[in-house]
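These are the residues of each chain, in order.
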Amino acid sequence: MGMNVGNSSSDEPEVMMEMNTTPLIDVMLVLLVMLIITIPIQLHAVNMNMPIGNPPPKVKEPVVVKLNVDEKSDIYWNGEKVTLAVLDAKMSEAAALGDQPEVHLDPDKAAKYDVVASVLAMSQRRGLTKIGIIGRSLFIQ
């Protein structure tokens, strides 16, 4: 009855193939405790800077001018048919106002391009800055 303790022919100890993980786990636990200690305490309150004084006055709704160009390339200012000369005068009046109205241009898809382009160019020449193209009829099939 004997026990094999290793190779008796050499005096060198056998190489251990397993890594000792105990120091690694100890270091990781210490780092975890340090992390938990250094994290600031979370408060369940949210600091908000609330306005002081009276609320601001209500913003008034902008005046909207509906400018339509139909399939015959006729121009309508708020539903009223106008010529280019009358349109030019109305745009000059609208541009002269202190608070310019919003101009919503809604061209028909069959309208002539040069009429729509001349309306846009006229609004630019007169100084209207709040103009937008609605164009819902362009997407209706």
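Cut-offs applied
- Residues numbered from 1 in each chain as written.
- Predicted model: local features only at pLDDT ≥ 70, side-chain atom pairs only at ≥ 80, totals over all residues.
- Heavy atoms only, no water.
- Pairing = 2+ DSSP bridges.
- Helix = DSSP H or I, 4+ residues; strand = E, 2+ residues; numbered from the N terminus.
- Axes fitted to C-alpha atoms, helices over the stretch in contact; angles between N-to-C directions.
- Right-handed = clockwise from strand over helix to strand, strands pointing away.

Our next topic: the sheet that holds strand 3 (residues 80-82). The mixed open sheet is built from five strands, whose spatial order is 3-2-1-4-5. Edge positions in the open sheet fall to strand 3 and strand 5 (131-133), since each of these has one partner strand only. Neighbour-to-neighbour, the strand axes of this sheet turn through a mean angle of 30°, independent of strand direction. Pairing between strand 1 (residues 64-69) and strand 2 (residues 75-77): three bridges, direction antiparallel. In the sheet register, Leu 67 faces strand 2, and the bridge partner there is Trp 77.

In this section: the pairing of strand 4 (residues 102-107). Regular strands place their side chains on alternate faces of the sheet. As judged from the six bridges shared by strand 1 and strand 4, these two strands associate in the parallel manner. Counterpart to Val 69 in the pairing with strand 4 is Pro 107. Across three bridges, strand 4 lies against strand 5 in parallel orientation. Along strand 5, the bridge assignment pairs Val 103 with Ile 131. Taken together, strand 4, helix 3 (residues 113-126) and strand 5 form a β-α-β motif whose crossover is right-handed.

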